Amino acid sequence: VFKVDLMAPKTAKKANARSARAPSVKAQSATKESPQREALRLEEFLPFQLAVVANRASQMIAHVIEDQYNLQVPDWRILVTLDEYAPLSPNEIAGYTSMDNPRVSRAQRRLTDLRLVRCESDPHDGRRKILTLTPLGKSVCRKMGPEAHSREAWLLEGLSAEERNALSRILRKLKAWTENFEMVD
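Residues numbered from 1 in each chain as written. Predicted model: local features only at pLDDT ≥ 70, side-chain atom pairs only at ≥ 80, totals over all residues. Heavy atoms only, no water.

## Comments concerning the packing of helix α4 (residues 73-85) against helix α7 (residues 135-156)
Condition: Every angle, taken between N-to-C directions, lies between 0 and 180 degrees, and every axis is a line fitted to C-alpha atoms, over only the stretch in contact when it is a helix. Going along the chain from the N terminus, every DSSP run of H or I of four or more residues is numbered as a helix, and every run of E of two or more is numbered as a strand. An angle counts as roughly parallel when it lies under 35 degrees, as roughly antiparallel when it exceeds 145, as roughly perpendicular when it falls between 65 and 115, and as oblique in every other case. Whether two residues touch is decided by their heavy atoms; if any such pair falls within 4.5 Å, the residues are in contact. Polar here means any residue outside two lists: the nonpolar Ala, Val, Leu, Ile, Met, Phe, Trp, Tyr, Cys and Pro, and the charged Asp, Glu, Lys and Arg; Gly therefore counts as polar.
Where α4 contacts α7, the axes come no closer than 10 Å and their chain directions differ by 105°. Comparing their axes, α7 and α4 come out roughly perpendicular. Residues Trp-76, Leu-79, Val-80 and Asp-83 of α4 pack against Val-140, Cys-141, Arg-142 and Met-144 of α7. Class assignment of the residues belonging to the contact of α4 with α7 gives a composition of 6 nonpolar, no polar and 2 charged.

This is the structure in structure tokens:
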């Protein structure tokens, strides 16, 4: 089974360890010595390639999820994250999913209105909200799983077992490398 944990949140310890390892964009560009700037070829540019494949894969799953459950991509990402890691705060969900806080907030309100997610005050910090799945939310997650796995299997049919293993290793490595990426002017 192909499994990549792209959902793990950033932690302070990891941030400190990786910031020493992963140079900023400015530091990296300063180490490259090239008298002429090479033209950017979008189809060969790794971030573009990753974004296209990720968007297509997400849209494949989204069509099924939207049609059957009336959920948008941020909705089901939050549901699946809560299914695996709850209870979580909205900020923790943003860390797991790499979604920005406003998007998480909008989806959280929608999921609460749909009675799929319960939002309560943290008993230790009244300013902080804690999200968990409702029984209905858990049920929807269980029903979505097979459809999502079916789409994932179709996507991976184009790769050999060796290529799937290599892809999994490479994605884990890129995720770890970029986890604490900092843009520097």
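From this point, the narrative continues.
## Thoughts on the confidence of the model for the protein chain
Our working rule: Note on scores: pLDDT gives the predictor's confidence for each residue, bounded by 0 and 100.
Of the residues in the protein chain, 78% reach a pLDDT of 70 or more, and the chain-wide mean stands at 83. Within the protein chain, the lowest mean pLDDT, 44, falls on helix α1 (residues 12-21), and the highest, 96, falls on helix α6 (residues 101-113). The low-confidence segment residues 1-20, where pLDDT is below 50, has 39 contacts with residues more than four positions distant or belonging to other chains.

## A few points about the packing of aromatic side chains
Stated precisely, the cut-off is as follows: We call Phe, Tyr and Trp rings a pair once their centres come within 6.5 Å, taking the six-membered ring for Trp, and we label the pair stacked below 30 degrees between planes, edge-to-face above 60, and tilted otherwise. Throughout, exposure labels follow a simple rule: accessible area from a 1.4 Å probe, protein chains only, divided by the maximum for the residue type, with under 20% read as buried, over 50% as exposed, and the rest as partly exposed.
Following the criterion strictly, the structure yields 1 aromatic pair and no others. When the centroid spacing of 4.2 Å and the interplanar angle of 25° are considered together, the rings of Tyr-85 and Tyr-96 count as stacked. One end of the pair, Tyr-85, is in helix α4; the other, Tyr-96, is in helix α5 (residues 90-97), with 11 residues separating them in the sequence. The class for Tyr-85 is partly exposed, based on a relative accessible area of 22%.

## What about unusual backbone geometry?
For the bond from Ala-86 to Pro-87, the omega torsion is 0°, close enough to zero to count as cis. Mapped onto the elements of the fold, Pro-87 is located in the loop between α4 and α5.

## Examining a nonpolar patch on the surface
Going by this rule: Residues enter a patch when their relative accessible area is above 30% and they make no salt bridge; the linking distance is 9 Å between like charges and 5 Å between nonpolar side chains (Val, Leu, Ile, Met, Phe, Trp, Tyr). A 1.4 Å probe and the Shrake-Rupley method give the accessible areas. Residues count as covered only by the protein chains that appear here. Whenever Lys or Arg places a side-chain nitrogen within 4 Å of a carboxyl oxygen from Asp or Glu, that contact is recorded as a salt bridge.
Residues Leu-40, Leu-42 and Phe-45 make up a contiguous nonpolar surface patch of about 290 Å² in total accessible area. Relative to the helices and strands, Phe-45 resides in the loop between α2 (25-31) and α3 (46-69). Of the residues examined, Phe-45 reaches a relative accessible area of 34% and is grouped as partly exposed.

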